[in-house]
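Chains, contacts and geometry: an overview
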Amino acid sequence: MTTSPTPPGPSASTADSTPPTTASKPRAGVDPAGNGKPRGSGPIARLRCVARENEFLYLFLRSPLALLATTIAVLGIGAAALAPWLAPFDPYDIANVDILDSLLPPAWTGEGDARFAIGTDDQGRDLLSAILHGTRLSLLVGLSSIAFASVLGVSLGLLAGYLGGWVDTVVMRIADVQLALPAILTALLVDGIARGILPRDTHDDLMLVVLTVAIGLSLWVNFARTARASTFVERQKEYVQAAEVMGVHPARILLVHILPNILGPILVILTIDLAVAVLLEATLSFLGVGVPPNQPSLGTLIRTGTEYLFSGEWWIVLFPSLTLVVLIVSVNILGDFLRDVFDPRLR
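So, here is what we can say about the structure in this document. (Residues numbered from 1 in each chain as written. Predicted model: local features only at pLDDT ≥ 70, side-chain atom pairs only at ≥ 80, totals over all residues. Heavy atoms only, no water.)

1. With respect to empty space enclosed by the protein
- Summed over the entire model, instances satisfying the criterion amount to one cavity of 30 Å³ or more.
- In terms of lining, the largest cavity is formed by Phe 89, Asp 90, Pro 91, Asn 96, Val 97, Gly 124, Arg 125, Asp 126 and Ser 129. (1 Å grid on protein atoms, 1.4 Å probe; cavity = no way out; pocket = protein on both sides within 12 Å on 5 of 7 lines; lining within 4 Å. Points joined across faces, edges and corners; volume = space filled by probe spheres on them.)

2. Some remarks on the pattern of salt bridges
- Here the structure, examined in full by the defined rule, presents 10 salt bridges.
- One salt bridge connects Asp 113 with Arg 115, and the closest N-O pair in it is separated by 3.0 Å.
- Since its relative accessible area comes to 21%, Asp 113 is described here as partly exposed.
- Accessibility expressed as a relative area gives 45% for Arg 115, which makes it partly exposed.
- In this structure, Asp 176 engages Arg 173 in a salt bridge whose closest nitrogen and oxygen atoms are separated by 2.9 Å. With Asp 176 and Arg 173 both in helix 7 (residues 165-179) and three residues apart, the pair spans about one turn of that helix.
- Looking at Asp 176, the relative accessible area reads 33%, which means it is partly exposed.
- For Arg 173, a relative accessible area of 45% translates into the label partly exposed. (Salt bridge = Lys/Arg side-chain N within 4 Å of Asp/Glu carboxyl O. Buried < 20%, exposed > 50% of the residue type's maximum accessible area, 1.4 Å probe, protein only. Helix = DSSP H or I, 4+ residues; strand = E, 2+ residues; numbered from the N terminus.)

3. Considering the packing of aromatic side chains
- A full pass over the atoms with the stated rule returns five aromatic pairs.
- Residues Trp 108 and Phe 319 carry aromatic rings whose centres are separated by 6.2 Å and whose planes lie at 80° to one another, so their mutual orientation is edge-to-face. Linking Trp 108 in the loop between helix 5 (83-86) and helix 6 (127-163) with Phe 319 in helix 15 (residues 315-342), this pair joins segments that are 211 residues apart in sequence.
- Here Phe 319 falls in the buried class, since its relative accessible area comes to 17%.
- Through pairs of rings, three or more aromatic residues link up here, namely Trp 108, Trp 314, Trp 315 and Phe 319. (Phe/Tyr/Trp six-rings, centres within 6.5 Å; stacked < 30°, edge-to-face > 60°.)

Right, dumping it as structure tokens:
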């Protein structure tokens, strides 16, 4: 008697031991039918996906105050940069200035003129145009002085932290002496020395350069101390010691290896001191040692406005002061946010 062959196929034991297949769970924020693409197709969905991968962007998008401050700062800096095209009038063009239009109130008041939205100053200049050009000039001096202060301070801080010894002692003692003086006094001292050395005509022509150097020399200490402390920490790490053993030149170690790793705290100092530099420029111009009176800056506009404040022309001091306050506060808030991001202990 012959038995029929068993048809090929999986045995019962094999079939029983095969685990049932289950559908894999899709990742959060990813479309299960989109082959790993972000859920949704709009720019907001892509931005959220990128934010999950970037900690800085994630914290920035979750901070309404930082978003508001950044928006205000960007709008203010953008309006100042585009002042020659956005301003209704050119305050530097004497042909556009009529002394009969001086001290006009804002346009929404009964005595205002529709041509001048927020009024005119004592010279008949459109106040809105003067504020735009004045903000542009104040930011130009502030950015230039911060660039000068950061280059000088970071360079000295790198050398002091890496070389140590008498270089560190000399740089830090000079910094300690300057910290004993307020920044405004240091700027006034530098400006006074420049007035005594340079002829009057030359000083007037180089007024912006002198003002930039004066403010920069009063703000380099923060950069130097921060760079020195960070460099001293980085110098003890293995990658710097390995570069020294390999015979890498010290200048390359400082610029290529150490400097990129200390940019975080330096960026925070740069953002905060930018507001300080703009405020210093406004203060010096308010005291009469800043930019010339024929070049409108926020400080000169505020100084002019205080002369007419008690005579009823309140708009001349109000709008430049509000512009200065809003700009400085927004930059300071952005600087505080950057400090919190780069220092996890403050979160």
